[in-house]
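Now for the letters of each chain:
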Amino acid sequence: MEVVELNNYELIFRKYGGVTTIVLLLISVLSFAIIINKIRQLYRNKSIHEVQGISSNNFEILVKMKEIELYHNMWVLRFSYLVAPLLGILGTVLGLMNAFSSIEINQGVVSASISQALVTTAIGLVLAMIIHFFYSLFTERIENILDIIELDEKKKERTDIV
């Protein structure tokens, strides 16, 4: 069997997860940017007050537009928390494949490949848990905002009748 020598950069790259870690880092940067944007958007309380004082004719259209605005980019968070563990498992499989294929070649390659397997799994699972937490938090907040808007309109209709 042919002996393959990896330079230090290749060993370090494999040790910290390889390509799958880079993809997970890109997903995390995108997700955290959306999380920061959603925190600003959902916790300003501006959403509720924008709809108050609108006539009943336009109310349903405005609520639907507000719902679309609030749910904007939530699909990215959902996609991220579903895909992150799968990418972690993919990194595990790739790392173990590298480890088993290089057992005879070099101990450094074996340890770097096993490290790749463990690092990508851990990153994928932690990332998925964090993103899922914020996804659930934001979904609940959006539902609360929409409920408050609808209750406010019903209260307004009752006072108009009286």
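Residues numbered from 1 in each chain as written. Predicted model: local features only at pLDDT ≥ 70, side-chain atom pairs only at ≥ 80, totals over all residues. Heavy atoms only, no water.

Participant: Give me the overall build of the protein chain: which residues, what numbers.
Facilitator: Helix and strand counts for the protein chain stand at six helices and zero strands. Secondary structure elements in the protein chain, listed N-terminal to C-terminal, are α-α-α-α-α-α. Burial analysis of the protein chain (162 residues in total) assigns 35% to the buried set. Surface exposure of the protein chain reaches about 10300 Å², of which carbon and sulfur atoms provide 66%. (Helix = DSSP H or I, 4+ residues; strand = E, 2+ residues; numbered from the N terminus. Buried < 20%, exposed > 50% of the residue type's maximum accessible area, 1.4 Å probe, protein only. Areas by Shrake-Rupley, 256 points an atom, 1.4 Å probe, with all protein chains shown as cover.)

Participant: Any details on the environment of Tyr81? Residues and values, ideally.
Facilitator: Mapped onto the fold, Tyr81 is located in helix H5 (residues 74–101). Taking relative accessible area as the criterion, Tyr81 reaches 14% and is therefore assigned buried. The spatial distance from the C-alpha of Tyr81 to the C-alpha of Phe133 is 9.2 Å, given a sequence separation of 52 residues. Filtering out sequence-adjacent residues up to four positions away, Tyr81 remains in contact with Ala128, Ile131, His132 and Tyr135. (Contact = heavy atoms within 4.5 Å.)

Participant: Explain a nonpolar patch on the surface to me, using residue names and the numbers behind them.
Facilitator: On the surface, a cluster of nonpolar side chains totalling about 550 Å² of accessible area is made up of Leu86, Ile89, Leu90, Val93, Leu94 and Met97. Here Ile89 shows up in helix H5. (Patch = residues over 30% accessible without salt bridge, like charges linked within 9 Å, V, L, I, M, F, W, Y side chains within 5 Å. Salt bridge = Lys/Arg side-chain N within 4 Å of Asp/Glu carboxyl O.)

Participant: Mind laying out the packing of aromatic side chains, listing which residues take part and the relevant values?
Facilitator: Inspection of every chain in the model, using the stated rule, returns three aromatic pairs. For the pair Phe133 and Phe134, a centre-to-centre distance of 5.2 Å together with 80° between the ring planes defines the contact as edge-to-face. Residue classification places Phe133 among the partly exposed positions, given a relative accessible area of 49%. Their ring planes at 40° and their centres at 5.8 Å tell us that Phe134 and Phe138 sit as a pair that is tilted. Taken as a pair, Phe134 and Phe138 lie in helix H6 (residues 107–161) at a separation of four residues, close to a single helical turn. The pair formed by Phe134 and Phe138 is uniform in burial state, with each residue classed as buried. Put simply, the rings of Phe133, Phe134 and Phe138 touch in pairs and so form one group of aromatic residues. (Phe/Tyr/Trp six-rings, centres within 6.5 Å; stacked < 30°, edge-to-face > 60°.)

Participant: Hey, could you go over the nonpolar core for me, with residue numbers and the actual values?
Facilitator: Core analysis: the biggest nonpolar cluster contains 25 residues, and Leu42, Leu70, Met74, Leu77, Leu127, Phe138 and Ile142 have the highest contact counts within it. For this core, the elements supplying multiple residues, two or more each, are helix H2 (18–42), helix H4 (56–71), H5 and H6. Broken down by element, this core gets its largest block of residues, 10 residues, from H6. Not counting residues within four places of it along the chain, the set of residues in contact with Leu42 comprises Leu70, Phe138, Arg141, Ile142 and Ile145. (Core = buried A, V, L, I, M, F, W, Y, C linked by side-chain atoms within 4.5 Å.)

Participant: Quick one: what's the story with the confidence of the model for the protein chain, residue by residue and with numbers?
Facilitator: Here the protein chain shows a mean pLDDT of 80. Residues at 70 or above account for 75%. Here helix H3 (residues 46–51) stands out as the element of the protein chain with the lowest mean pLDDT, 60, in contrast to H2, whose mean of 91 is the highest. (pLDDT = per-residue confidence, 0-100.)

Participant: Which residues make up unusual backbone geometry, and what values go with them?
Facilitator: Its identity as a non-glycine residue notwithstanding, Asn73 has a phi of 70°, on the positive side. When you line up the elements, Asn73 lands in the loop between H4 and H5. By relative accessible area, which is 22% here, Asn73 ends up partly exposed.

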